[in-house]
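Observations on the model geometry
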Amino acid sequence: MAPLHSSSMSACSSPLLKDVIGDLDRHSYVALLTKLIGESEYVQNNPPKYKPKENRVARHVLDVLLPLSTTPNNGGGGGPLVVQHITNPKYPERGNVIAEYPGTGDGAVSFVGMHMDVVPVVNPKDWKFNPFSLSVDGDRLQGRGTTDCLGHVALVTELMKRLGETKPKLKNSIYAVFICNEENGEVTGIGVDMLAKEGYLDALKAGPLYWIDVADKQPCIGSGGMITWDLKAIGKQFHSGLPNKAINAMELNMEALKVIQTRFYSDVPPLPEEKKYKYATPSTMKPTQWTYPGGSVNQIPGECTISGDVRLTAFYSPTDIVKKLYAYVDDINAHIEDLDTRGPVSKYVLPDEGLKGSVEITFDEEIIGGIACNLDSRGYQVLYEATKEVIGYVEPYADTGTLPLVRDLQDEGFDVQLTGYGINDVYHADNEYCLFSDMKQGFEVFVSIISKLEEDK
């Protein structure tokens, strides 16, 4: 969506700044990305099986930036960058890096969200190449994390490196925030949530905040909220040859979930605003996992759990939806005998034994709200113009993929805008890759953004 206002001063980026900073250097970028992808096996994030050590990635970022920093006791070379390595003491191997290129004024431009963890590789044998080692095939850079999000970590590191090397005179301070713990919410208080809570991001309110963790070189103007749920059914276990004496927890759970989903889609319909923001889908609720305690095939289970998630467009409140889901379950339990059954002896009540089946729903602690970016802000206007200038066209989009804390940051007064330069089709997928040409254009967009905001009075 085009911004409502346009600035004649922003017709093109400053040739001086572009000429000073130059283009993304392929040799330098690939060399750094090779090191980062080489760590990807150790930063897979899905506890308890995969416990990432993001400082393995952070140390490569620090190796590039500290020699250009003002921290001589930590390897700095006298400036101009200000570099901080921030770690929660309880998780000493899981840190964040903030790099600042100081400007002469009070303004700020920040690039945030480049995370140093990755999703796990389920089976490396399913890949066409080694997922944990960068392979180069012409323009294609292949390996776990190239698109999500180590490719962006390397990209913004190279941007800060060029600023530190060329030292252009800027009014606005430029910030880069590399974070840990984006891919899994089981552990909290160590990543961007900690940085925001402890005030490390306060200075970023002085200008637009660009969250660099989406794909396809276009502005993402809306993201999704997420609620992760577990629906547990409790029945009565019995021999499958005597189903009249059992309450089949699997049948109970399936029928209960059907009722819950039907009511959800009635109460949470598509909204007109979703069309304006070009959301790919409306809000959804669906199962994704099924578990039960175990037993033989001739046992009717007395307990089972269906797990899944709710994905919401930015225009619904996750806390309101949680209340609705609790109410649906309470109503089901109050009228358990009214649920549809499956066959002549399927039932959820055993009157002679005084037994009733029941369902209960629980939610993960982390409930995330979606974001609808401010399309009237200067931050969006500049992103739109820079994208059109470099990429040649602008096609904003929205989806119900979830990004941590962006809604909280927006609510706290940050002008949050979303963009990225990976490949959407390989997000969290096998055979992940990015294109150097896309990252090179991303570098140009960043330089254009910085330049256009410098032109503001």
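Owing to the predicted nature of the structure, the values given are computational and were not obtained by experimental measurement. Sequence order as written defines residue numbering, which begins from 1 separately in each chain. Selection of residues for local features in this predicted model requires a pLDDT of at least 70, selection of side-chain atom pairs for listing and counting requires 80 or more, and totals for whole chains, interfaces and linings are taken over all residues. Side-chain measures here rest on the full set of heavy atoms in the structure, leaving out hydrogens and waters.

**Concerning the layout of surface pockets**
Taken as a whole, the second largest pocket holds about 150 Å³ of empty space. Around the second largest pocket, the lining residues are Pro47, Lys51, Pro52, Lys53, Tyr91, Glu93, Arg94 and Val187. Its residues assigned to classes, the lining of the second largest pocket shows four nonpolar, no polar and four charged. Within this scheme a cavity is a closed region of a 1 Å grid, computed over the protein atoms alone, that accommodates a 1.4 Å probe without allowing it to escape, whereas a pocket is open but has protein on both sides within 12 Å along at least five of seven lines; lining residues each have an atom within 4 Å of a point. Grid points are joined across faces, edges and corners, and a volume is the space filled by probe spheres set on the points. The residue classification treats Ala, Val, Leu, Ile, Met, Phe, Trp, Tyr, Cys and Pro as nonpolar and Asp, Glu, Lys and Arg as charged. All others, Gly included, are polar.

**Notes on helix α6 (residues 249-267)**
Helix and strand assignments follow DSSP, with helices taken as H or I runs no shorter than four residues and strands as E runs no shorter than two, numbered in order from the N terminus. Helices are assigned an expected span. That span is 1.5 Å times one less than the residue count. Here α6 contains 19 residues, and its C-alpha end-to-end distance of 27 Å stays within 8% of the 27 Å for a straight helix at 1.5 Å per residue. Here α6 has its buried residues at Ala249, Glu251, Leu252, Asn253, Glu255, Ala256, Leu257, Ile260, Gln261 and Phe264. In protein, a polar contact means a hydrogen-donor-capable atom and an acceptor-capable atom, both N or O and within 3.5 Å, with residues adjacent in sequence counting only if both atoms are side-chain atoms; elsewhere, any N or O pair within 3.5 Å suffices. For α6, the N-terminal cap is asparagine 248; the gap from its side-chain oxygen to the backbone nitrogen of methionine 250 is 2.9 Å. We call a residue buried when its accessible area falls under 20% of the maximum for its residue type, exposed when it is over 50%, and partly exposed in between, using a 1.4 Å probe and counting protein chains only.

**Let's talk about the UniProt feature "domain: Peptidase M20 dimerisation" (unreviewed entry) in the protein chain**
The residues that UniProt annotates with the feature "domain: Peptidase M20 dimerisation" (unreviewed entry) are residues 222-334. With 36% helix and 29% strand, residues 222-334 has end C-alpha atoms that lie 38 Å from one another. UniProt positions are given in the numbering used here, feature names are shortened, and annotations may be inferred rather than shown by experiment.

**Here's the deal with the sheet that holds strand β16 (residues 358-363)**
When DSSP finds two or more bridges between a pair of strands, those strands are recorded as paired. Spatially, four strands are ordered β11-β13-β9-β16 in an open sheet, and the strand pairing comes out antiparallel. Each of the sheet's edge strands pairs with one partner strand only, and the pair in question is β11 (284-291) and β16. Taking each pair of neighbouring strands and ignoring which way they run, the sheet shows an average axis angle of 25°. In terms of strand pairing, β11 meets strand β13 (residues 303-312) through seven bridges, oriented antiparallel. Opposite tryptophan 290, over in β13, you have isoleucine 306 as the bridge partner. Contact criterion: two residues are considered in contact whenever any of their non-hydrogen atoms come within 4.5 Å of each other. Interaxial angle, 0 to 180 degrees, is taken between N-to-C directions of lines fitted to C-alpha atoms, where a helix line uses only the stretch in contact. Lying on the sheet, α6 is in contact with β9 (225-234), β11, β13 and β16; it crosses β11 at an angle near 165°. Its contacts with the sheet place helix α8 (residues 318-334) against β9, β11, β13 and β16, and it is angled at close to 170° to β16.

**Quick look at the sheet that holds strand β5 (residues 140-142)**
In space, the three strands of this open sheet follow the order β4-β5-β19, with antiparallel pairing throughout. Only two strands of the sheet have a single partner each, and these edge strands are β4 (135-137) and β19 (433-435). Across this sheet, the average inter-strand angle for adjacent strands is 25°, counted without regard to direction. Inspection of the sheet shows β4 paired to β5 by three bridges, in the antiparallel sense. Bridge assignment links serine 135 to a residue of β5, and that residue is glutamine 142. Across the face of the sheet, helix α2 (residues 26-37) comes into contact with β4, β5 and β19 while running at roughly 15° to β5. Across the sheet, helix α11 (residues 436-455) lies against β5 and β19, angled at about 60° from β19, the strand it touches most.

**Some details on the pairing of strand β6 (residues 173-179)**
Two faces make up the sheet, and in a regular strand the side chains alternate between them. Of all seven residues in β6, seven are buried; the element is thus mostly enclosed. Both faces of β6 are covered, namely the face carrying Ser173, Tyr175, Val177 and Ile179 and the face carrying Ile174, Ala176 and Phe178. The sheet contact formed by strand β2 (residues 95-101) and β6 spans five bridges and is antiparallel. Bridge pairing in β6 places glutamate 100 opposite tyrosine 175. By the bridge criterion, seven bridges tie strand β3 (residues 108-115) to β6 in an arrangement that is parallel. Bridging from a neighbouring strand, valine 112 pairs with valine 177 of β6.

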